[in-house]
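Here's the letter readout for the chains.
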Amino acid sequence: MEASEDLVGEINDPDGRRVVLIRPVWEEKISRGHPEIAGHLDAVLETVARPDHTERDPLPGRIRFYRRSVGPSQWLLVVVSFEQEPARIITALATRKDPKQWKR
């Protein structure tokens, strides 16, 4: 991780792996791209630490973490990339759909 990519937060996932959220992702991708999430940093981190549901992302090396009834909607989705050390949160968004009912 470069010095210019300062941390906004870090947490361990349920398997004990360190996961970080860097400022450029939080400010430029999550807060700007999904402004409804901007005030929910703690909920984003907590979703990774204590998810209600997890599943593999369609892209290899990534996992989707879901938490119910946190943030601005019924579900909060946080995608983590394990392609580097430490793992990184790469996006977060609110959704109303139950992830277990999504059609693949």
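Look up: the structure comes first, before these words.
Conventions used here
- Residues numbered from 1 in each chain as written.
- Predicted model: local features only at pLDDT ≥ 70, side-chain atom pairs only at ≥ 80, totals over all residues.
- Heavy atoms only, no water.
- Helix = DSSP H or I, 4+ residues; strand = E, 2+ residues; numbered from the N terminus.
- Rg over C-alpha atoms; globule rule 2.2 N^0.38 Å.
- Buried < 20%, exposed > 50% of the residue type's maximum accessible area, 1.4 Å probe, protein only.
- Contact = heavy atoms within 4.5 Å.
- Areas by Shrake-Rupley, 256 points an atom, 1.4 Å probe, with all protein chains shown as cover.
- Phe/Tyr/Trp six-rings, centres within 6.5 Å; stacked < 30°, edge-to-face > 60°.
- Lys NZ or Arg CZ within 6 Å of the ring centre and 35° of its normal.
- Arc of directions from axis to C-beta.
- Pairing = 2+ DSSP bridges.
- Axes fitted to C-alpha atoms, helices over the stretch in contact; angles between N-to-C directions.
- Salt bridge = Lys/Arg side-chain N within 4 Å of Asp/Glu carboxyl O.

Engineer: Would you take a moment to explain the overall build of the protein for this structure?
Structural biologist: Of the regular secondary structure elements, the protein holds 2 helices and 6 strands. Counted from the first residue to the last, the protein has its helices and strands arranged as β-β-α-α-β-β-β-β. For 104 residues, the compact-globule estimate of 2.2 N^0.38 gives 13 Å, and the C-alpha radius of gyration of the protein, at 13 Å, lies within 12% of that figure. With the C-alpha coordinates aligned to their principal axes, the bounding extent of the protein is approximately 40 × 25 × 20 Å. Looking at the protein as a whole, 41% of its 104 residues are labelled buried. Restricting the contact set of the protein to residue pairs at least 6 apart, pairs at least 24 apart contribute 39%. As displayed, the protein has an accessible area near 6,000 Å², and 46% of this comes from carbon and sulfur atoms.

Engineer: Whenever I open this one, the packing of aromatic side chains confuses me. Can you help?
Structural biologist: If you walk through the whole model with that rule in mind, you get 1 aromatic pair. For the ring pair Tyr-66 and Trp-75, a centre distance of 6.3 Å and an interplane angle of 85° mean the geometry is edge-to-face. The ring of Phe-82 has Arg-17 sitting right over it, with the charged end atom 4.0 Å from the ring centre.

Engineer: For this particular structure, what's the right way to read unusual backbone geometry?
Structural biologist: Residue Pro-86 follows Glu-85 across a cis peptide bond; omega there is -10°. Mapped onto the secondary structure, Pro-86 falls in the loop between β5 (75-81) and β6 (87-95). A positive phi angle is found at Ser-69, which is not glycine, with a value near 60°. Inspection of the secondary structure puts Ser-69 in the loop between β4 (62-68) and β5.

Engineer: Explanation requested: helix α1 (residues 23-33) in the structure shown.
Structural biologist: For an α-helix the count is 3.6 residues per turn, leaving residues at separations of three or four pointing the same way. Among the residues of α1, Val-25, Trp-26, Ile-30 and Ser-31 are the ones counted as buried. Down the axis, α1 shows its buried residues gathered within 130° of arc, on one side only. Pointing more than 90 degrees away from the buried face of α1 are the exposed residues Glu-28 and Arg-32. Looking at the buried positions of α1, the neighbouring elements they touch are β1 (7-12), β2 (18-22), α2 (41-49) and β6.

Engineer: Teacher, can you tell me more about the sheet that holds β4 here?
Structural biologist: Through backbone hydrogen bonds, the strands of a sheet pair up, either in parallel or in antiparallel fashion. Pairing in this open sheet of 6 strands is mixed, and the strands run β1-β2-β6-β5-β4-β3 from one edge to the other. Looking along the sheet, the strands with just one partner apiece sit at the ends: β1 and β3 (53-56). Here the average twist between neighbouring strands, direction ignored, is 30°. Here β1 runs beside β2; their pairing, made up of 5 bridges, is antiparallel. By the bridge assignment for β2, Glu-10 is matched with Val-20.

Engineer: Would you explain the pattern of salt bridges in this entry?
Structural biologist: Opposite charge on two side chains lets them pair, provided their charged atoms get close. Scanning all chains against the criterion turns up 8 salt bridges. Between Arg-17 and Asp-13 there is a salt bridge, with the nearest N and O atoms lying 2.7 Å from each other. Under the relative-accessibility criterion, Arg-17 is labelled partly exposed at 31%. Overall, Asp-13 belongs to the buried group, its relative accessible area being 4%.

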